[in-house]
Amino acid sequence: MEKTHGQIEDCLSLDSRVMARYKVFDGGGSNSWAWRKGKSQEVFSSITYHYDNGGLVLSYTCNEQQHRYLVDVVTTPCNYGGKRYWFNCPKCSKRVAKLYLRNSMFFCRTCHKLNYSTQQSCKLESTRVGMYKIRNKLNWQYDTAFMKSWHKLKPKGMHHSTYNRLVQRHDELERKSEQYCIANFHAFMNRHGLKPSWD
Ligand SMILES: [Zn+2]
């Protein structure tokens with residue numbers, strides 16, 4: 001069977017939250033970012049980066065080609081102070097926490113058409129997209145990585161009835177997307193002959 005979608009598990013990724021933890025975005029300058037093998041911690045791949053004032057320039061060689069391009073780094077305030085770092089996908093400009101290397105480029109999951117598993121997660125995607133649209137419309141702050149929402153406030157000037165309808169729709173989509181997420185997880189476990197311990 002031919003695979004049309006890649007798997008996230010197969011890809012090297014850059015995570016803005018991890019990079020922030022390693023102080024990549026403090027100050028600026030050039031350094032290298034490495035991926036290590038589990039136990040041995042042996043480096044199996046690395047890239048060079050230069051960070052300066054919201055711009056992360058990635059440099060690496062992939063498939064014998066030299067790549068060098070800019071990834072915008074943006075911040076949003078955290079609930080309890082501090083800030084959270086995000087990437088703007090270099091292809092679609094969507095704000096994301098993770099970029100994945102595929103076909104020599106670091107793009108977001110959507111641009112690479114990546115799934116969490118070989119099972120197509122179209123249903124999950126479409127419910128999430130619907131959910132995010134509502135969140136944007138209501139101007140809610142949310143965490144795309146963990147799908148947690150907070151500050152569920154009614155935007156100024158919006159009718160209560162409209163607001164209530166959107167919240168209801170949002171909660172419905174959120175519930176559905178959680179169900180699809182769990183279904184995908186179970187499918188993944190099954191394929192690998194694993195059983196969740198709570199079964
Ligand atoms: Zn993208």
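Only a predicted model underlies this, so the values are computations on that prediction, with no experimental measurement involved. (Residues numbered from 1 in each chain as written. Predicted model: local features only at pLDDT ≥ 70, side-chain atom pairs only at ≥ 80, totals over all residues. Heavy atoms only, no water.)

Q: Tell me about the overall build of the protein chain, residues and numbers included.
A: Looking only at helices and strands, the protein chain has three helices and 13 strands in total. Within the protein chain, the fraction of its 199 residues that count as buried is 38%. When contacts within the protein chain are restricted to residue pairs at least 6 apart in sequence, long-range pairs at least 24 apart make up 42% of them. (Helix = DSSP H or I, 4+ residues; strand = E, 2+ residues; numbered from the N terminus. Buried < 20%, exposed > 50% of the residue type's maximum accessible area, 1.4 Å probe, protein only. Contact = heavy atoms within 4.5 Å.)

Q: Give me the lowdown on the layout of surface pockets, citing residues and values where you can.
A: The volume enclosed by the second largest pocket comes to roughly 260 Å³. Taken together, S13, L14, D15, V18, Y22, S32, W33, A34, W35 and R36 make up the full set of residues lining the second largest pocket. Secondary-structure elements contributing two or more residues to the lining of the second largest pocket are β2 (13-15) and β3 (28-36). Looking at the lining of the second largest pocket residue by residue, the class counts come to six nonpolar, two polar and two charged. (1 Å grid on protein atoms, 1.4 Å probe; cavity = no way out; pocket = protein on both sides within 12 Å on 5 of 7 lines; lining within 4 Å. Points joined across faces, edges and corners; volume = space filled by probe spheres on them. Nonpolar A, V, L, I, M, F, W, Y, C, P; charged D, E, K, R; others polar.)

Q: Would you mind going over the coordination of the zinc ion in detail, with residue names and values included?
A: Within the protein, the zinc ion binds to C89 (SG), C92 (SG), C108 (SG) and C111 (SG); these donor distances fall in the range 2.2 to 2.3 Å. Coordination at the zinc ion comes from four donor atoms whose angles at the metal span 105 to 113°, giving a geometry best classed as tetrahedral. Sequence positions of the donors to the zinc ion reduce to the motif C-x2-C-x15-C-x2-C. Given a relative accessible area of 38%, C92 falls into the partly exposed group. (Donors = N, O, S within 2.8 Å, 3.2 Å for Na, K, Ca; no water. Tetrahedral: all angles 85-135°; square planar, octahedral: opposite > 155°, others 65-115°.)

Q: Please set out the pairing of strand β9 (residues 98-102) residue by residue, giving values where relevant.
A: Where β2 and β9 come together, three bridges link them in antiparallel fashion. Residue pairing in the sheet places S13 in a bridge with Y100 of β9. With three bridges joining them, β9 and strand β10 (residues 105-107) adopt antiparallel strand pairing. The partner of Y100 across the bridge, within β10, is F107. Where β9 folds back on β10, the antiparallel hairpin that results is connected by two residues, among which N103 adopts a positive phi of roughly 50°. (Pairing = 2+ DSSP bridges.)

Q: How would you summarise the sheet that holds β2 if you had to cite specific residues and measurements?
A: What links the strands of a sheet is backbone hydrogen bonding, and the strands pair in either a parallel or an antiparallel sense. Spatially, three strands are ordered β2-β9-β10 in an open sheet, and the strand pairing comes out antiparallel. Because the sheet does not close on itself, it has two edges, and the strands there are β2 and β10. With strand direction ignored, the average angle separating the axes of adjacent strands in the sheet is 25°. (Axes fitted to C-alpha atoms, helices over the stretch in contact; angles between N-to-C directions.)

Q: Explain the pattern of salt bridges residue by residue, including any values.
A: In the structure shown here, the tally under the stated rule is three salt bridges. In this structure, the salt-bridge partner of E174 is R135, at a minimum N-O distance of 3.0 Å. Linking E174 in helix α3 (residues 160-191) with R135 in helix α2 (residues 122-137), this pair joins segments that are 39 residues apart in sequence. Each member of the pair E174 and R135 is classed as buried. R169 is paired through a salt bridge with E172; the nearest N and O atoms lie 3.0 Å apart. Taken together, the positions of R169 and E172, both in helix α3 and three residues apart, correspond to about one turn of that helix. Residue classification places E172 among the partly exposed residues on the basis of a relative accessible area of 33%. (Salt bridge = Lys/Arg side-chain N within 4 Å of Asp/Glu carboxyl O.)

Interpretation note: all reported values are geometric properties and have no functional meaning in isolation.
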